[in-house]
Amino acid sequence: MFDDGLVELGRASGAHGEVVLRRRTHPDGTAVTELIVDGVFAMDDVDTATERALATEALARCPGERLRVLVGGLGLGWTAATALADPRVAEVDVAELQGPLVEWAGRGLLPVLPADDPRLALHVIDVADHLAASPGRYDAALLDVDNGPGFLVHRTNAGLYSPAGLTTAIAALRVGGVLAVWSSDPAPQLADRLAGLPGVADVEHLALPVERDGRRFDYAIVLARRAGAPR
Ligand SMILES: C[S@@+](CC[C@H](N)C(=O)[O-])C[C@H]1O[C@@H](n2cnc3c(N)ncnc32)[C@H](O)[C@@H]1O
């Protein structure tokens, strides 16, 4: 442990930069897990309500059973764990760019993620490539790979939010399936862009107020459905 209560659980570098997983213990004994990706603070687990809402809000809009869910990316595993907690979910594929993070998850370093759940498959892949390779596959695709379309962790992720990238994401859904995108800022332009695409229905922008360190932030989730008759 460093002097300031920081313990490094993992650090690795690769083609997509450095990834660091660490735990910070505060003087009152509370411990916080933090993820730093390519020098950018990606998340901690002080308040994971919106990462969980990404799964619950999308799944609430998915009728039926034996649901297939894609989560991109893994982070600390809260969105994937929340999807697995829904008994209607039969498969959760996680697409994660950082191989070391997937390895640490397999070693149980992400305590919230039940890595041995047979419904869970962790893939080391760019979620854009995974979406492109999965036409018509998912009931829900849950994207949280950046701090939002306006605050990218990797510049290469910009294409995900372009009309072509969003069209590919929608095409990875079954008819009636739901795309959900997390953002640390309101993202009305993303909602407008989705609403303008052919084959997209029921676009919603949910504002999610969050309080951190006495300050209020408006996070957001943008949802869109692949149009057509439900299966
Ligand atoms: C903010 S975290 C996700 C948090 C997650 N929702 C949770 O509940 O813990 C973002 C994750 O996306 C990953 N990532 C970034 N760009 C990616 C991409 N193009 N494809 C797959 N994963 C990506 C990062 O490595 C990081 O693990």
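My aim in this report is to walk through the structure given alongside it, one point at a time.

Cut-offs applied
Residues numbered from 1 in each chain as written. Predicted model: local features only at pLDDT ≥ 70, side-chain atom pairs only at ≥ 80, totals over all residues. Heavy atoms only, no water. Pairing = 2+ DSSP bridges. Helix = DSSP H or I, 4+ residues; strand = E, 2+ residues; numbered from the N terminus. Axes fitted to C-alpha atoms, helices over the stretch in contact; angles between N-to-C directions. Buried < 20%, exposed > 50% of the residue type's maximum accessible area, 1.4 Å probe, protein only. Right-handed = clockwise from strand over helix to strand, strands pointing away. Near = heavy atom within 4 Å. Polar contact = N/O pair within 3.5 Å; in protein donor to acceptor, adjacent residues only side chain to side chain. Areas by Shrake-Rupley, 256 points an atom, 1.4 Å probe, with all protein chains shown as cover. 1 Å grid on protein atoms, 1.4 Å probe; cavity = no way out; pocket = protein on both sides within 12 Å on 5 of 7 lines; lining within 4 Å. Sits in = over half its atoms within 2 Å of the grid points. Nonpolar A, V, L, I, M, F, W, Y, C, P; charged D, E, K, R; others polar. Core = buried A, V, L, I, M, F, W, Y, C linked by side-chain atoms within 4.5 Å. Contact = heavy atoms within 4.5 Å. Phe/Tyr/Trp six-rings, centres within 6.5 Å; stacked < 30°, edge-to-face > 60°. Salt bridge = Lys/Arg side-chain N within 4 Å of Asp/Glu carboxyl O.

Examining the sheet that holds strand β7 (residues 120-124)
Piece 1. One open sheet accounts for seven strands, arranged β7-β6-β5-β8-β9-β11-β10; its pairing is mixed. Pairing within the sheet leaves two strands with one partner each, and these edge strands are β7 and β10 (200-212). Taking each pair of neighbouring strands and ignoring which way they run, the sheet shows an average axis angle of 15°.
Piece 2. Bridge count between strand β5 (residues 67-72) and strand β6 (residues 89-96): six bridges; the pairing is parallel. Bridge pairing in β6 links Arg68 to Glu91.

As for the pairing of β6
Piece 1. Across the eight residues that make up β6, a large majority, seven, are buried.
Piece 2. Between β5 and its parallel partner β6, the chain crosses via helix α2 (residues 78-84), and the hand of that crossover is right-handed.
Piece 3. With five bridges joining them, β6 and β7 adopt parallel strand pairing. Bridged to Asp93 within β7 is Ala121.

A closer look at the site of the ligand
Piece 1. Around the ligand, 24 residues are found, and the nearest of them are Leu76, Thr79, Glu96, Asp144 and Asn157.
Piece 2. A distance of 3.2 Å separates a nitrogen atom of the ligand from a polar atom in the backbone of Leu97.
Piece 3. With respect to the ligand, the backbone of Val127 contributes an N or O atom lying 2.9 Å from a nitrogen atom.
Piece 4. Protein burial of the ligand: of its 610 Å² of free accessible surface, 99% is covered by the chains.
Piece 5. Comparing atom positions with the cavity grids shows the ligand to sit within the largest pocket.
Piece 6. Among the elements of the structure, β3 (31-37), β4 (40-44), α2 and β6 are those that each provide at least two residues to the shell around the ligand.
Piece 7. Split by residue class, the shell around the ligand holds 13 nonpolar, seven polar and four charged.

A word on the nonpolar core
Nonpolar side chains tend to gather and get buried jointly when the protein is soluble and globular.
Piece 1. Counting 43 residues, the largest nonpolar core has Val69, Val92 and Leu142 as the members making the most contacts within it.
Piece 2. By residue number, the principal contributor to this core is helix α1 (residues 49-60), which donates five residues.
Piece 3. The residues touching Val92, leaving out its near neighbours within four places in the chain, are Val69, Val71, Ala80, Ala83, Leu84, Arg119, Leu120 and Ala121.

Details of the packing of aromatic side chains
Piece 1. Counted under the stated rule, the structure contains two aromatic pairs.
Piece 2. With centroids separated by 5.2 Å and ring planes inclined at 70°, the aromatic side chains of Trp182 and Tyr219 adopt a geometry described as edge-to-face. On the criterion of sequence distance, the pair formed by Trp182 in strand β9 (residues 173-183) and Tyr219 in strand β11 (residues 215-226) is long-range, its members being 37 residues apart.
Piece 3. Residue classification places Trp182 among the buried positions, given a relative accessible area of 6%.
Piece 4. Where Phe217 meets Tyr219, the ring centres are 6.5 Å apart and the plane angle is 45°; that geometry is what we call tilted.
Piece 5. The class for Tyr219 is buried, based on a relative accessible area of 14%.
Piece 6. Every member of this aromatic cluster is reached through a ring pair, and the members are Trp182, Phe217 and Tyr219.

Considerations on the pattern of salt bridges
Piece 1. What the rule picks out here adds up to 16 salt bridges.
Piece 2. Here Glu8 and Arg11 are joined by a salt bridge, their closest N and O atoms 2.7 Å apart.
Piece 3. The exposure class assigned to Arg11 is partly exposed, which follows from its relative accessible area of 46%.
Piece 4. Across the pair Glu34 and Arg22 runs a salt bridge, and its minimum N-O distance is 2.7 Å. Of this pair, Glu34 sits in strand β3 while Arg22 sits in strand β2 (residues 17-25), and the two are twelve residues apart along the sequence.
Piece 5. Look at the salt bridges and you will find they share partners, linking Arg68, Glu91, Asp93 and Arg137 into a network.

A short note on the side chain of Gln98
Piece 1. Along the chain, the position of Gln98 falls in the loop between β6 and α3 (99-106).
Piece 2. At 3.2 Å, the side chain of Gln98 and the backbone oxygen of His16 are in polar contact.
Piece 3. Beyond its immediate sequence surroundings of up to four residues, Gln98 is in contact with His16, Gly17, Val19, Val37 and His154.

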